[in-house]
Amino acid sequence: MCGIAGLYNLHNGPVEERIIATMRDALIHRGPDDEGLLVQDNIGLGHRRLSIIDLTSAGRQPMQSPDGGIAIIFNGEIYNFRELRTLLSKEGWAFRTRSDTEVLIAGYAIWGIHGLARRVDGMAAFGLWDRRLKRLFLVRDRFGVKPLYLWRTDRHLAFASEIKAFMAHPDFKVRVNQAALREYFTFQNLFRPHTLFDGVEQLPAATILTIDDEGERRETYWDYDFSKTEPIDPEEAVAKLERLMRDAVSRQLVADVPVGAYLSGGMDSGAVVALAANHVPRLQTFTAGFELSRVEGIEATFDERRAAELMAYTCKTEHYEQVMNAGDIRWSLPRVIWHLEDLRLGMSYPNYYIARLASKFVKVCLSGAGGDELFGGYPWRYYRVFRSLDRDHYLENYYGFWQRLTNAEKRKALFRSGADDEDEMFNVFRSVYRNAKGLAFDSPEDHIQASLYFECRTFLSGLLLVGDKLAMASGLEERFPFLDNALVDFAMRLPVSHKLADLDHMLAIDEDAVKKKLIAQEAFAGGKSCLRQAMTHILPAQVMERRKQGFSSPEASWYRGENADYVRDMLMGPELACSDYLSPDQIRFTVEQHMSGKANNRLLIWSFLSFEQWCRTFEGGERV
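Described in the following lines is the structure provided in the data block. Values in this document were obtained by computation on a predicted structure and should not be read as measured data. (Residues numbered from 1 in each chain as written. Predicted model: local features only at pLDDT ≥ 70, side-chain atom pairs only at ≥ 80, totals over all residues. Heavy atoms only, no water.)

### Topic: the overall build of the protein
Selection criterion: Labels follow the DSSP assignment, with helices taken as runs of H or I lasting at least four residues and strands as runs of E lasting at least two, numbered in each case from the N terminus. When accessible area is computed with a 1.4 Å probe and restricted to protein chains, residues below 20% of their type maximum are described as buried, those above 50% as exposed, and intermediate ones as partly exposed. Residue contacts are counted whenever heavy atoms from the two residues lie within 4.5 Å of one another. Using a 1.4 Å probe, accessible areas were evaluated by the Shrake-Rupley method; residue-level cover was limited to the displayed protein chains.
For the protein, the count of helices and strands is 26 helices and 17 strands. Each of the 624 residues in the protein was classed as buried or not, and the buried ones make up 62%. At a minimum sequence separation of 6, the contacts of the protein that also span at least 24 residues come to 74%. On the protein, roughly 23,400 Å² of surface is accessible, and the fraction owed to carbon and sulfur atoms is 46%.

The structure is reproduced here in structure tokens:
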């Protein structure tokens, strides 16, 4: 796990070593253990290292092939590197190190860039320079676990693990990308590869970007495909899933440093912990909870510590807890936004705190993310498209749900300029399906498969970005056993009937009766049925029977109570930093409506707070 930064001179001229070094060192939090630099021809490569595998100096990057013809900078971990190493050794490669980085060099030399990318099981973003061909390859893992950003000047293509590396370049200027801003304030996420920084984009997941004298070429080497389901006996499916889960957790424990795990009260993280504890004696686990003495309503149930303690007791882990209170957002938000850079999803500062805690004990932490998106963990979302008549009807229904923050009418009042027309955001939503292969829209099962595809491509992508940035802020590597190649392939082929056991019951429910998320969760309780059965004899009954609950802080109550002054100071003061883009009157109306109890605007208020801090941090120069 590391931070990478590079510059490619588009005109075959030299690059300045000083600039590369400055870009690299802007990522020191991602790699506090070591540093490296290579400048040759028209390329500069910088690397900050967090040592996980092969802790010796032999694992230092940039790493070169024995003849110096290939150089690489790499961020991530290759979980099947030992298997690949065996294959490559049989092909004649003489390995000099124990690192997974050298496996990438050897794999490219023997299989080529496409053969290498398709064989990798892991999380990886890397830049590989072939000096003989004068060709640069930028590659991102199939699920997009590790970020890789691109930025161009008239002379250079720059790439890096984080945008702040570009800020160290003398030609970089911070400007808001208003199309991305509209997208964020519609979906609380970005579905396109652009960012809030004008001119900066993400290389999409599972993409190979090739740059040489002939220009740039992009190829997608993999995508989610939920269209090729295969019939399977229920008992066989459960047995196979348990075996794949055990293999995935075992693979992702590979490290030369201590490995721990996040532990909520839910099934996904519980399954990961239970399986990992079989391999790691006295596994260290970490839970975040909330001080709820002044919280009312459903948010009073948001603390998962008791359920996590039960799992820790059952699995005999060494367990640690982080308890957060209302005042923690004031201190953490500037730090969260600085590290997050590009805004995504809901209240994420608890992620920052729990990663900060874990980093005091381990360098690697397993996470249960991905289980819901692959195995149907959000059935109260799918009911919105059960009865769709065709593709257009499905898109219309699901688009209505995923406008998490604003609709077209509200955006016209909110944005000071450049508000979208009524079709812009719908076209953005629809574009997620542009390259989806084989998806049908003829039955409830088809619509659920289409929803799983969408959520893996968007919601899960956002979760992974938040997880990477806020863990690496503390020099912690997060790993995701559910995002194992074989496990994902199995999940995509698994019929809907094995994921939603009570599908017939769901179809019989009156949609008009389901008005609130809590009611929907209680009505649609059959999600992840195959996974649930596979974990039955591994997890305590109390964990298996718990209602699905996300990792979320009780912001609705805190914004009205202990954090009310903070919200008003940030969003209703005389000098609003984001007022060039958003209407202060609309922000004030949203806050006052929430404070009075007339509406629950916690998601929108979080996004206002985040963007206000973004403007103060990146446009105003506030640093922490």
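### Here's the deal with empty space enclosed by the protein
Operational definition: We place a 1 Å grid over just the protein atoms. Points where a 1.4 Å probe fits but has no way out form a cavity, open points with protein on both sides within 12 Å along at least 5 of 7 lines form a pocket, and any residue with an atom within 4 Å of a point lines it. Grid points are joined across faces, edges and corners, and a volume is the space filled by probe spheres set on the points. When residue character is reported, Ala, Val, Leu, Ile, Met, Phe, Trp, Tyr, Cys and Pro are called nonpolar, Asp, Glu, Lys and Arg charged, and the others, Gly included, polar.
Per the counting criterion, the structure on display carries four cavities of 30 Å³ or more. For the second largest cavity, the calculated volume is near 80 Å³. Taken together, the elements giving at least two residues each to the lining of the second largest cavity come down to β6 (122-130) and β7 (135-140). In terms of residue class, the lining of the second largest cavity is made up of six nonpolar, one polar and three charged.

### Considerations on the pairing of strand β1 (residues 2-9)
Regular strands show a simple pattern: their side chains alternate between the two faces of the sheet. For the record, the criterion: A pair of strands is considered paired only if DSSP assigns at least 2 bridges between the two.
Taken across its eight residues, β1 has eight buried, putting it largely inside the fold. Along β1, one buried face is formed by Cys2, Ile4, Gly6 and Tyr8 and the opposite face, lined by Gly3, Ala5, Leu7 and Asn9, is buried too. Across five bridges, the pairing between β1 and strand β9 (residues 156-160) is antiparallel. For Gly6, the partnering residue across the bridge sits in β9 and is Phe159.

### A few points about unusual backbone geometry
Across the junction of Gln61 and Pro62, the peptide omega takes the value 0°, indicating a cis bond. Mapped onto the elements of the fold, Pro62 is located in the loop between β3 (43-49) and β4 (63-64). A positive phi angle is found at Gln188, which is not glycine, with a value near 55°. For Gln188, a relative accessible area of 0% puts it in the buried group. For Glu341, which is not a glycine, the phi torsion comes out positive at approximately 65°.

### Some details on the layout of surface pockets
Estimated volume of the second largest pocket: approximately 1,000 Å³. Around the second largest pocket sit 37 residues that line it, and Pro204, Ala205, Asp223, Asn435 and Arg457 are the ones nearest its centre. Looking at the lining of the second largest pocket, the elements that each hand over two or more residues are β12 (215-220), α15 (424-431), α16 (444-457) and α17 (459-472). With four residues, α15 is the single largest residue contributor to the lining of the second largest pocket. Broken down by class, the residue content of the lining of the second largest pocket amounts to 13 nonpolar, 11 polar and 13 charged.

### Considering the pattern of salt bridges
What counts is decided by this rule: Every case where a carboxyl oxygen of Asp or Glu lies within 4 Å of a side-chain nitrogen of Lys or Arg is listed as a salt bridge.
Per the stated rule, a full pass over the model turns up 40 salt bridges. Between Glu16 and Arg18 there is a salt bridge, with its nearest N and O atoms 3.0 Å apart. Judged by its relative accessible area of 53%, Arg18 falls in the exposed class. Lys134 is the salt-bridge partner of Asp41, the closest N and O atoms lying 2.9 Å from each other. In this pair, Asp41 sits in the loop between β2 (34-40) and β3 while Lys134 sits in the loop between β6 and β7, placing the two residues 93 residues apart along the sequence.

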